[in-house]
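Now for the letters of each chain:
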Amino acid sequence: MMLSITITPRLLNNLMMKDFNMANCYHHSLSSVKHYGGKPEDYQAIHDWFDESKKIMPDFRHRALRHHAEGCFACEEKFGTTITNSDGKKVPVRLIAERHIKEDLGFVPSMIDWFKYIKPQKFMRIGYMKDEDIMKRETI
């Protein structure tokens, strides 16, 4: 006997959203307060930056853009090496970034850890166009 399942948009969405532990940025900020002191507002911009990609991919896949070691360094580049919280304590931005990722994933992966699971598609393998090919397209 063969079982038939119809994949509806709702079922597909439920399967994609199996990530029930996805924390809200405010909860990440509360965690930062617990670990480093200060107020949630001291950390909110950093956590918002990490999860900003939810705008374009509102499920766990958004994390592939910043939730990795390189994302920690990019965060540090954007916000500085340290922030001074409202208690006057200097907190390393990279530590805040790493904690955010560990709270979401359990560890800090490399970018390669994410990208090695991307299934190559034909459009990804197309090389650059030669100048004469560009000229041909522009005259058509």
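Residues numbered from 1 in each chain as written. Predicted model: local features only at pLDDT ≥ 70, side-chain atom pairs only at ≥ 80, totals over all residues. Heavy atoms only, no water.

### Details of the packing of aromatic side chains
Scanning all chains against the criterion turns up three aromatic pairs. Note on Tyr36 and Tyr43: the rings are 6.4 Å apart at their centroids and 40° apart in plane angle, and the pair reads as tilted. Classification of Tyr36 as buried rests on a relative accessible area of 13%. Ring centres 5.1 Å apart and planes at 80° place the aromatic pair Trp49 and Phe50 in the edge-to-face group. The class of Trp49 is buried, set by a relative accessible area of 10%. An aromatic cluster of three or more residues is present, and its members are Trp49, Phe50 and Phe79. (Phe/Tyr/Trp six-rings, centres within 6.5 Å; stacked < 30°, edge-to-face > 60°. Buried < 20%, exposed > 50% of the residue type's maximum accessible area, 1.4 Å probe, protein only.)

### Quick look at helix H4 (residues 69-79)
Within the sequence span of H4, burial applies to Gly71, Cys72, Cys75 and Glu76. Considered in projection along H4, the buried side chains sweep an arc of 145° and stay on one side of the axis. What points out from H4, more than 90 degrees from its buried face, is the exposed set Glu77 and Lys78. Check the buried side of H4 and you find it contacts helix H3 (41-51) and helix H5 (93-105). Looking one or two residues past H4, Gly80 carries a phi angle of roughly 100°, positive in sign. (Helix = DSSP H or I, 4+ residues; strand = E, 2+ residues; numbered from the N terminus. Arc of directions from axis to C-beta. Contact = heavy atoms within 4.5 Å.)

Everything listed here is a matter of geometry and, on its own, says nothing about what the molecule does.
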